[in-house]
Amino acid sequence: MSWHRAPRLQAQGFILPGVLAFIIAASIIGTAVLTVIINNFFVVGNNVNSQQAFNIAEAGMNYYLWHMAHNGVDYKDGQSTPATPDATLGYGPYVHNYIDSNAKNAGTFTLWVKPQGNGSTIATVRSIGKAKGSTISRTVQAQVGAASFASYGLLANTEVWFGSDEAANGPVFSNVGIRMDGTSSDVVASANASYTPTSSYGGDGAAHAGVWCSNSVSTCATRDKSNWLFPKPSIDFNSVSGSLCTMKKTALADYSATAPVASGPTPCSQTPTTRTNAYVPQYSSNGAFSSTQGYLVQLNTNGTYDLYKVSGENDKKTPYTAALTTTAVATGIALPPSGVIFVEDNVWVRTNPTFHGRVSIASGRLATNSSTDIIVADNILYTAKDGSDAIGLIAEKNVLIAPYAPPSTSSFTFEVDAAALAQSGSVTWQQYYDGTSMPTRGWTGSNQTFTFYGSVATDLAWTWNYSYNYNPGLDSVRDASNSFYYSGIEHTNTNYDYNLLYAPPPSYPVTGTYDILSWREVLTKP
């Protein structure tokens, strides 16, 4: 018998394909794993570069915030070019190397700066960051500027009391304290942690928190108080004096006839006699001052203004055409380039019938001891309430609503659209007829209403009416429903113009240092 052994080659032939399949599979898996690892390294590297680019872009934004804090009107990064800004992005591009904490060049940031225009201190800054050796960029954009006195629905240098039937619209701030019995739509803040209110402002002789409400108000205990903030840094009304000086210099610099005064050593103590579109001299050439003399500025729908000399006021008459004795100076005057009109005397203001444009009217006698007022003589109306129209009224003393300003008809809707600032006085209804202790005329009908749309900043008082529990005589009117007598308009609405938050009137006084007012990342590239 013979034995035959199966060839080993055949068994090996079965093994070889298996080994090859294993090698191929391992290669595929290895390649895939390697690809994943490489991709992960690539993704991680991109993420690192992306984050570095973002950090550099933020550094660029912080740099320009610092730059504007030192020169708030320089929108060209200290350079002179370009002369004409890009319509979308503004001035630029301004490229800076970013030097890290190890003194190494870690990349670049590129800046574009677009000023708000019309005298605003706010600019839109776009910063594009890129890490060194990378093609990845990140872009951030922010509105940079200083908050203005128009950033509040009501800003007061004294204590404030909102009754249970009054609503606070927009941000409210007091340098003393606030009794907030009514409702509020925004932040209500005080500079003090606590204060003792006077009886005129709802005090009971006891100390209260910087913002508080009376327990006699049914909703006091349960209402949301998360937007009641105190103490907060106070706001300096004395700084407005310097702002008025700045506005005077701005107006003087607008035209060649007065520009040399603006560049002189003491421009705010000078009283030029030359009138320009931006600067209106004292009423009297010898410097005499009277509370019933000055100028009427009539703002027109086509963005111009008419100017009249006011030689007398009889505030017991209505309407303003009968109350004021005027002489035309000029009509159809173009608004100045800066948007600032500085009047070295009292100013009466109205629109005809509405105003389209952006302007600040400043009134002050900075070179004398006399203090001037701005008087609302009639309706002051915007053509549109979308931010394209803005009127700033900045008075050295008071911003007053004249007793002849409302229509003389039995039924009316009287309205003032403006940001009003009284540096050393009040934003208020005129309580007494000029030179007397007799209360001015009152309106109590539900069809006789007053709407204020804008912002109020007042050193002293703020009110649109005065009520008496007795008959004070003359033109005050009794409301039979509550037996009170009123001077001014009883039925009022005060609404904050939120467009003023980021677009105040030209050169409107600011309350503090420059800051980032709004911020976002831009996912598109310029």
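Predicted, not measured: the structure shown is a model, and the values here were computed from it.

> Explain the state of the cysteines to me, please; I cannot follow it from the model alone.
Working definition: the covalent bond between the sulfur atoms of two cysteines is a disulfide. For the coordinates displayed, the defined rule picks out 2 disulfides. Covalent S-S linkage joins Cys-213 and Cys-220, the inter-sulfur distance amounting to 2.0 Å. Taking the torsion about the sulfur-sulfur bond, which here is approximately 90°, the covalent link between Cys-213 and Cys-220 counts as right-handed. Take Cys-213: its relative accessible area is 8%, and that puts it in the buried class. Cys-220 sits in the buried class, given a relative accessible area of 5%.

> Explanation requested: the pattern of salt bridges in the structure shown.
Side-chain pairing between opposite charges can occur once the charged atoms of the two side chains come close. What the rule picks out here adds up to 6 salt bridges. Asp-378 serves as the salt-bridge partner of Arg-350, at 2.9 Å between the closest nitrogen and oxygen. Linking Arg-350 in strand E21 (residues 346-352) with Asp-378 in the loop between strand E23 (374-376) and strand E24 (390-395), this pair joins segments that are 28 residues apart in sequence. Here Asp-378 falls in the buried class, since its relative accessible area comes to 14%.

> Which parts of the structure should I look at to understand unusual backbone geometry?
Most peptide bonds are trans, and most residues other than glycine sit at a negative phi. The omega angle of the peptide bond from Thr-81 to Pro-82 is -5°, so this bond is cis rather than trans. Mapping Pro-82 onto the fold places it in the loop between helix H1 (8-70) and strand E1 (91-99). With an omega of -20°, the peptide bond running from Asn-352 to Pro-353 counts as cis. Structurally, Pro-353 can be placed in the loop between E21 and strand E22 (358-363). At Asp-77, a residue that is not glycine, the phi angle is positive and equals roughly 55°. Along the chain, the position of Asp-77 falls in the loop between H1 and E1.

Criteria and thresholds
- Residues numbered from 1 in each chain as written.
- Predicted model: local features only at pLDDT ≥ 70, side-chain atom pairs only at ≥ 80, totals over all residues.
- Heavy atoms only, no water.
- Disulfide = S-S within 2.5 Å.
- Buried < 20%, exposed > 50% of the residue type's maximum accessible area, 1.4 Å probe, protein only.
- Salt bridge = Lys/Arg side-chain N within 4 Å of Asp/Glu carboxyl O.
- Helix = DSSP H or I, 4+ residues; strand = E, 2+ residues; numbered from the N terminus.

By themselves, these figures tell us nothing about what the structure is for.
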